[in-house]
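The lines below spell out each chain.
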Amino acid sequence: MDYQRAFAGAVEGLKRERRYRVFTDIERDAARFPRAIWHSPTGKREIVVWCSNDYLAMGRHPAVIEAMRATALKMGAGAGGTRNISGTSHVLVELEAELAALHGKQAALVFTSGYVSNETGIATLARLLPDCLVLSDAGNHNSMIEGVRHSGREKKVFRHSDLDQLEELLRAAGSRPKLVVFESVYSMDGDVAPVRAIVELAERYGAMSYLDEVHAVGLYGARGGGIAEREGVMERIDVIEGTLAKAFGVVGGYIAGSAAAIDAVRSFAPGFIFTTALPPPVAAAALASVRHLRASNVERERQRAQVAKTKAALARAGLPVQPTETHIIPVMVGEAGACKAASDLLLAEHGVYLQPINHPTVPKGTERLRITPTPLHDDALIAALARALEDVWRKLDLPFARRAEAAE
């Protein structure tokens with residue numbers, strides 16, 4: 001067996017399909033975010049980042065940086081081990097208490113990433129429920145899909161946000177244990193699940209509910225508790241999963257729920273037991289961010305204003321923006337090669353950094369650029385983005401929204 005040839009052949013297949021991912025070597029500039037330095041093939045260039053998941057720019061907030069700095073000086077850089085051995089730092093315990101309070105739950109458990117918290121959280125919960133049936137939304141993130149798969153339990157996938165099909169599956173399952181897993185904000189289309197209606201169905205048919213709020217925590221709700229807080233159903237959801245790496249601007253993931261459920265995951269989840277804990281400086285930075293956003297609406301209000309201005313500017317330019325009610329703005333391209341070409345031109349000619357979103361992240365034929373304005377994308381940057389996209393669309397002869405409408 002020629003092992004290296006097998007690996008190279010797999011990668012070559014991606015390149016033929018125009019799906020090979022090329023990483024852009026950048027340095028974030030905390031003092032001038034969303035500006036950054038691109039280490040291009042011809043040297044350093046200033047660019048503007050338009051695709052960051054640091055939705056509220058909390059990754060450069062002075063209180064967050066100072067918490068990390070002070071804790072590193074006091075406690076060192078690393079965690080020192082797993083939570084079971086020597087990694088349960090006091091600041092990590094404080095962070096879990098803060099997250100539990102954010103979501104109105106008895107307890108919370110922090111993981112090294114949002115991916116791990118989903119994968120190991122779902123797998124462990126479902127595995128501990130005898131004969132559990134997992135009902136999973138078709139639009140769920142890969143981390144949730146893998147969590148369901150690793151649980152080893154029977155699964156049923158219902159059409160994205162389809163309440164009728166979900167109810168059919170719940171009714172057919174009878175009295176057996178059931179776990180409904182879904183997201184609040186879906187990151188590629190920017191749509192919002194009917195959270196209240198799903199929770200009501202779960203309650204009616206005796207199912208547990210597991211809600212992924214990674215693209216909503218910090219952003220929605222009076223205290224940043226997510227869509228569930230905004231909709232007034234937070235206390236009715238059994239387990240809420242979130243991330244510290246997006247609106248909170250740091251890194252890590254977590255689940256929050258009843259004391260019994262969280263203790264069970266803590267005691268049985270391999271993805272928690274057998275990995276090094278989140279380092280104290282990271283936990284301190286996350287704690288500072290969560291505390292700040294629980295008390296402050298300034299960042300959320302500013303972001304909402306800039307998102308609205310960006311949507312309006314792109315609409316005026318006639319760009320094919322998929323309508324959303326959230327902070328996520330998909331600009332549809334529809335073909336992998338064209339999506340990559342648009343991304344490359346934006347970066348090389350306009351200093352606009354927008355990564356192409358291709359299959360398997362989105363279905364083939366729905367390739368797009370995904371724009372995520374922050375509070376620090378000012379009006380001048382928004383105007384420059386609209387001009388850059390319009391120029392690139394013309395150069396690549398991509399369809400404009402107004403042209404598509406005229407053709408109809």
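For the structure, see preceding data.
Q: Just checking my understanding: could you explain the environment of Val180 for this structure?
A: With respect to the helices and strands, Val180 occurs in strand E7 (residues 178-183). Between the C-alpha atoms of Val180 and Arg83, which are 97 residues apart in sequence, the distance is 29 Å. In this structure, Val180 is in contact with Leu135, Phe158, Leu166, Leu170, Ile198, Ala202, Ala207, Met208, Ser209 and Tyr210, ignoring residues within four places of it in sequence.

Q: Please explain the packing of aromatic side chains as it appears in this structure.
A: Within a pair of aromatic rings, the relevant descriptors are the distance that separates the centres and the angle that separates the planes. All told, the structure shown has 1 aromatic pair when counted by the stated rule. With centroids separated by 5.7 Å and ring planes inclined at 70°, the aromatic side chains of Phe111 and Phe272 adopt a geometry described as edge-to-face. Placement of Phe111 in strand E4 (residues 107-111) and of Phe272 in helix H10 (residues 270-273) is noted, with a sequence separation of 161 residues between them. On the accessibility criterion, Phe111 (3% relative accessible area) is buried. Residue classification places Phe272 among the buried residues on the basis of a relative accessible area of 5%. The lysine or arginine in question, Lys15, covers the ring of Tyr20, its NZ or CZ lying 4.7 Å from the ring centre.

Q: Would you take a moment to explain the pattern of salt bridges for this structure?
A: Two side chains that carry opposite charge are able to pair once their charged atoms sit near each other. This model, assessed by the stated rule, comprises 27 salt bridges. A salt bridge links Glu146 to Arg149, with the nearest nitrogen and oxygen atoms 2.5 Å apart. In this pair, Glu146 and Arg149 are both assigned in helix H5 (residues 142-151), 3 residues apart and thus about one turn of the helix distant. Residue classification places Glu146 among the buried residues on the basis of a relative accessible area of 16%. Judged by its relative accessible area of 53%, Arg149 is exposed. A salt bridge links Asp344 to Lys340, with the nearest nitrogen and oxygen atoms 2.8 Å apart. With Asp344 and Lys340 both in helix H13 (residues 336-350) and 4 residues apart, the pair spans about one turn of that helix.

Q: For this particular structure, what's the right way to read a nonpolar patch on the surface?
A: A contiguous nonpolar surface patch, about 300 Å² in accessible area, is contributed by Val11, Leu14, Tyr20 and Val22. With respect to the secondary-structure elements, Val11 resides in helix H1 (residues 3-16).

Q: In this structure, what is going on with helix H12 (residues 298-316)? I would like to understand it.
A: Spacing of three or four residues puts side chains on the same side of an α-helix, whose turn is 3.6 residues. The end-to-end C-alpha separation of H12 is 27 Å, in line with the 27 Å expected for 19 residues at 1.5 Å each. Those residues of H12 that are buried lie in contact with helix H11 (280-295), strand E11 (329-332), strand E14 (368-371) and helix H14 (379-395).

Q: Quick question: what am I supposed to make of unusual backbone geometry here?
A: Of all residues except glycine, most have a negative phi; of all peptide bonds, most are trans. Cis rather than trans, the peptide bond between Phe33 and Pro34 has omega equal to 15°. With respect to the element layout, Pro34 can be found in the loop between strand E1 (26-28) and strand E2 (35-40). In the segment running from His359 into Pro360, the intervening peptide bond is cis, with an omega of 10°. The residue Pro360 is located in the loop between strand E13 (356-357) and E14 in this model. Phi angles above zero are rare outside glycine, and Asp131 is one such case at about 60°. As for its placement among the helices and strands, Asp131 is situated in the loop between helix H4 (114-128) and strand E5 (133-137).

Q: Would you take a moment to explain the packing of helix H6 (residues 163-173) against helix H7 (residues 195-204) for this structure?
A: In a packed pair of helices, the relevant descriptors are the angle between the two axes and the axis-to-axis distance. One can describe the packing of H6 onto H7 by two numbers: an axis separation of 10 Å at closest approach and a directional angle of 15°. By the angle between their directions, the pair H6 and H7 is classed as roughly parallel. By crossing handedness, the relation of H6 to H7 is classed as right-handed. Across the interface between the two elements, Leu163, Leu166, Glu167 and Leu170 of H6 pack against Ala197, Ile198, Leu201, Ala202 and Arg204 of H7. For the contact of H6 with H7, the residue count by class is 7 nonpolar, no polar and 2 charged.

Q: Would you mind showing me how to read the sheet that holds E14 here?
A: Adjacent strands of a sheet form backbone hydrogen bonds with each other and so pair up, either parallel or antiparallel. The strand order E11-E14-E13 describes an open sheet built from 3 strands, whose pairing is antiparallel. Each edge of the open sheet carries a strand with a single partner, namely E11 and E13. The pairing of E11 with E14 spans 4 bridges and is antiparallel. Bridge pairing links Val331 to Leu369 in E14. H13 rests against E13 and E14 of the sheet, and its axis sits at about 45° to E14. Taken strand by strand, H14 contacts E11 and E14, and its axis lies near 175° from that of E14.

Q: Help me understand the nonpolar core, please; the structure alone is not making it clear to me.
A: Membership of the largest hydrophobic core comes to 63 residues, with the highest contact counts inside it found for Leu95, Leu99, Val180, Phe182, Val195 and Leu244. If one sorts the elements of this core by residue count, H11 sits on top with 9 residues. If sequence neighbours within four positions are ignored, Leu95 has contacts with Val110, Leu244, Ala283, Ala286 and Leu287. Counting residues in each nonpolar core, the second largest holds 36 residues, with Leu319, Ala386, Val392 and Trp393 among its members.

What counts, and at which threshold
Residues numbered from 1 in each chain as written. Predicted model: local features only at pLDDT ≥ 70, side-chain atom pairs only at ≥ 80, totals over all residues. Heavy atoms only, no water. Helix = DSSP H or I, 4+ residues; strand = E, 2+ residues; numbered from the N terminus. Contact = heavy atoms within 4.5 Å. Phe/Tyr/Trp six-rings, centres within 6.5 Å; stacked < 30°, edge-to-face > 60°. Buried < 20%, exposed > 50% of the residue type's maximum accessible area, 1.4 Å probe, protein only. Lys NZ or Arg CZ within 6 Å of the ring centre and 35° of its normal. Salt bridge = Lys/Arg side-chain N within 4 Å of Asp/Glu carboxyl O. Patch = residues over 30% accessible without salt bridge, like charges linked within 9 Å, V, L, I, M, F, W, Y side chains within 5 Å. Areas by Shrake-Rupley, 256 points an atom, 1.4 Å probe, with all protein chains shown as cover. Expected span 1.5 Å × (residues − 1). Axes fitted to C-alpha atoms, helices over the stretch in contact; angles between N-to-C directions. Parallel < 35°, antiparallel > 145°, perpendicular 65-115°, else oblique. Left-handed = near helix turned anticlockwise from the far one by under 90°. Nonpolar A, V, L, I, M, F, W, Y, C, P; charged D, E, K, R; others polar. Pairing = 2+ DSSP bridges. Core = buried A, V, L, I, M, F, W, Y, C linked by side-chain atoms within 4.5 Å.

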